[in-house]
Amino acid sequence: MNFDVIILGGGASGCMCAMTILKKSKIHVLMIDAGNKPAKKLMVTGNGRCNISNKKCVPSQEFYNQNIDRFLNKFTPDETISFFHDLGLECYADNENRFYPISNSAKSVVDVINNELEKYKNFTFLTDFIEKIDKKGDNFEIFTKSNHFNCKKLVVAMGGKIDSALINLDIDWIQSKESLVAIKTNSTHFLNGIRVSPAKISNLNGVAYEGEILFKESGVSGIAAFNLSACFARNKNFSGDIEIDLLPQYTDNYLFELLLNRKSLECSINKFFDGLLVPQLAYHIFNGCNIDENKSSRQLSNEEINEFVKKIKHLKLKVRSCYDNNQVISGGVNMKTLTENLESKKYRNLYFCGEICDVDGICGGYNLQWAWTSGHIVGAAI
Ligand SMILES: Cc1cc2nc3c(=O)[nH]c(=O)nc-3n(C[C@H](O)[C@H](O)[C@H](O)COP(=O)(O)OP(=O)(O)OC[C@H]3O[C@@H](n4cnc5c(N)ncnc54)[C@H](O)[C@@H]3O)c2cc1C
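On a predicted model such as this, the values are computed, not experimentally measured, just so you know.

Before going further, it helps to examine the overall build of the protein chain. What the protein chain contains, in helices and strands, is nine helices and 18 strands. Projected onto its principal axes, the C-alpha coordinates of the protein chain cover approximately 85 × 40 × 35 Å. Taking all 382 residues of the protein chain together, the buried fraction comes to 44%. Nonlocal contacts in the protein chain, meaning residues at least 24 apart in sequence, comprise 73% of its contacts between residues at least 6 apart.

Below you can see the structure in the form of structure tokens.
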């Protein structure tokens, strides 16, 4: 069967690409996805709320692995929100500039996308598994589990994992690695289950993120940890040291003075942190400092107070690897091999959009914004 355009993958970027083409043209578009309807994967995003974009995506190096300002300027977060408004989706931005649907439900996003796509008679959605892609003369051949299709223009929007279906094409890939993922470290079972917000987590190169962290049996999760994981993912290596500041609101000196003043609480040492830290954290700090439990707060020395400060503000952990609940993949099609319209420089009429490109952002709506921007750019170019 022949189609003008085939879009492989019906996730965020594939759907944006399809909607952009269909709004302006009568050409016949086939979308193939293993799922039973377009945009289904969005249901799990943003903890079911779908953090659809972020007001502030530029300068992009602050939020992504590379400078993608030239793309984001072609289809900005505001244009994205306006595009969705025209589909009937109302959004709001929270105090961290993150856009969410006003319903706080990812289903709203999935619904308006599906409502829009259903309007077009020249759009076909097929649930099938894509097995192989080939180039035959001017055309592309797509082999799925149960079918075989031809098209002149092919859009690959299959998400982050480098798919074996693409093996027959000569594509320059940047090695991929899980990103926005919980970091596995040496044992943290003594803190397992503790949530600290805000905490500051940093690597040895001084990259630091402040926000919520959640200790696991052997590692750290939470938005700040996810963001830091992007540094390890981009280096394709989850190893090295990280440091956690459990009270980033205070400087080392301020905390020292504060703890010094707490000696006047006249309490036994096991009550010294009451009112400042949750008991499990306090217990961990005492344990690490080897302080005689029978002491009273008055008897604490300056050296012991200093040890407390170190344990609270400079908790050191060794990175071992990452967990497998990653939100995105870092790596993908080398951006240098794509034109400004995200068309392959090697194969004319072959386009890439979304996470399959070597673009990855931190948490906050940046990855979906890339999916919308890149999908729109490709759709506009077709
Ligand atoms: C749990 C979770 C929460 C997230 N929350 C957010 C968030 O709140 N905000 C944010 O900005 N980002 C979030 N992200 C990241 C965001 O979802 C992705 O960056 C974005 O969906 C990428 O869009 P895409 O179109 O490139 O790929 P995808 O959305 O992954 O779509 C790819 C599609 O291709 C299909 N496909 C792949 N291979 C085949 C094949 N061989 N045959 C048939 N079909 C195939 C898949 O079924 C899928 O539907 C989250 C990710 C996860 C996992």
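This brings us to helix H7 (residues 279-289). Inspection of H7 places Leu281, His284 and Ile285 among the buried residues, and these make up the whole buried set. Taken end-on, H7 shows its buried residues confined to a sector of 95°, consistent with a single buried face. Along H7, the residues that are exposed and aim more than 90 degrees away from the buried face are Pro279 and Asn287. The secondary structure elements touched by the buried residues of H7 are helix H8 (302-313). Looking one or two residues past H7, Asn290 carries a phi angle of roughly 50°, positive in sign.

Here Thr127 is to be found in strand S6 (residues 123-127). Residues Thr127 and Phe232 lie 105 residues apart in sequence; the distance between their C-alpha atoms is 35 Å. When near neighbours in sequence (up to four residues on either side) are disregarded, Thr127 contacts Asp33, Ala34, Gly35 and Asn36.

Contacts to the ligand come from 32 residues, most closely from Gly9, Gly11, Gly46, Gly159 and Gly354. The leading source of residues in the shell around the ligand is helix H9 (residues 366-381), at four residues. Considered class by class, the residues forming the shell around the ligand number 14 nonpolar, 14 polar and four charged.

This paragraph deals with unusual backbone geometry. The linkage connecting Val58 with the following residue, Pro59, adopts the cis geometry, with an omega of 0°. Cis peptide bonds are those with omega within 30 degrees of zero, and the linkage from Ser197 to Pro198 qualifies with 0°. Among the secondary structure elements, Pro198 is positioned in strand S12 (residues 195-203). Despite not being glycine, Asn47 has its phi angle at roughly 55°, a positive value. The residue Asn47 is located in the loop between strand S2 (29-33) and strand S3 (53-54) in this model. Even without being glycine, Leu180 reaches a positive phi, approximately 50°. Residue placement: Leu180 occurs in the loop between strand S10 (173-179) and strand S11 (183-185). Of the residues examined, Leu180 has 25 C-beta atoms within 10 Å and is grouped as buried.

Strand order in the closed barrel made by the six strands is S11-S14-S13-S12-S15-S16, with antiparallel pairing throughout. Each adjacent strand pair in this sheet contributes to an overall mean axis angle of 50°, direction not counted. Sheet topology places strand S13 (residues 208-216) next to strand S14 (residues 219-221); three bridges connect them, and they run antiparallel. Note on S14: the bridge partner recorded for Lys216 is Gly219. Sheet contacts for helix H5 (residues 223-234): S11, S12, S13, S14, strand S15 (240-245) and strand S16 (315-322); angle to S13, the most-contacted strand, approximately 110°.

Spatial strand order, S3-S5-S4: three strands in an open sheet with antiparallel pairing. If you trace the sheet from one side to the other, it starts and ends with S3 and strand S4 (91-93), each paired once. Summarising the sheet, S3 and strand S5 (residues 98-101) pair through two bridges and their orientation is antiparallel. Directly across from Asn54, in S5, lies its bridge partner Arg98.

By size, the foremost hydrophobic cluster in this structure holds 112 residues, and its most contacted members are Ile6, Ile7, Leu8, Ala18, Val155 and Ile201. Among the elements that line this core, the one with the most residues is H5, at nine residues. A domain-level breakdown of this core finds at least three residues from each of domain 1 (2-178 + 329-381) and domain 2 (181-325). The residues contacting Ile7, other than those within four sequence positions of it, are Gly14, Cys17, Ala18, Val29, Met31, Val155 and Ala157.

Taking 1.5 Å as the rise per residue, H8 with 12 residues should run 16 Å; its terminal C-alpha atoms sit 16 Å apart, in good agreement. Looking at H8, one finds that the buried residues are Phe308, Val309 and Ile312. Projection of H8 onto a plane perpendicular to its axis shows the buried side chains occupying an angular sector of 100°, all on one side. For H8, the secondary structure elements touched by its buried residues are helix H6 (252-262) and H7.

With that settled, the discussion passes to the domain arrangement of the protein chain. Partitioning the protein chain into domains gives domain 1 (2-178 + 329-381) and domain 2 (181-325). For domain 1 and domain 2, the distance between their C-alpha centroids amounts to 39 Å. Taken residue by residue, the interface counts eight residues in domain 1 and nine residues in domain 2. A per-element tally of the side of domain 1 that touches domain 2 places S10 first, with three residues. Partitioned by chemical class, the residues of the side of domain 1 that touches domain 2 number two nonpolar, three polar and three charged.

The rules behind the values
Per chain, residue numbering runs from 1 following the sequence as it is written. pLDDT decides what is reported in this predicted model: residues at 70 or higher carry local features, side-chain atom pairs at 80 or more are listed and counted, and totals for whole chains, interfaces and linings draw on all residues regardless. Runs of E in the DSSP output that reach at least two residues are strands. Runs of H or I that reach at least four are helices, and both are numbered from the N terminus. Think of it as a crowd count around each C-beta: if 20 or more other C-beta atoms lie within 10 Å the residue is buried, if 12 or fewer it is exposed, and in between it is partly exposed, with C-beta placed from the backbone throughout. Note on contacts: residues are paired as contacts if their backbone-placed C-beta atoms lie within 7 Å. Working definition: the arc comes from the directions between the helix axis and the C-beta atoms, pointing outward to the latter. For each residue, a C-beta position is placed from the backbone atoms; the residue is near a molecule or strand when that point lies within 6 Å of it. Think of it as three bins: nonpolar holds Ala, Val, Leu, Ile, Met, Phe, Trp, Tyr, Cys and Pro, charged holds Asp, Glu, Lys and Arg, and polar takes everything else, Gly as well. Following DSSP output, two strands are said to pair if at least two bridges run between them. Note on method: axes are straight lines fitted to C-alpha atoms, helices fitted across the in-contact stretch only, with angles between N-to-C directions ranging 0 to 180 degrees. We call a set of buried Ala, Val, Leu, Ile, Met, Phe, Trp, Tyr and Cys residues a nonpolar core when their C-beta atoms link them within 7 Å. Delimitation of the domains relies on an automatic or database domain assignment. By this rule the span expected of a helix is its residue count minus one, scaled by 1.5 Å.

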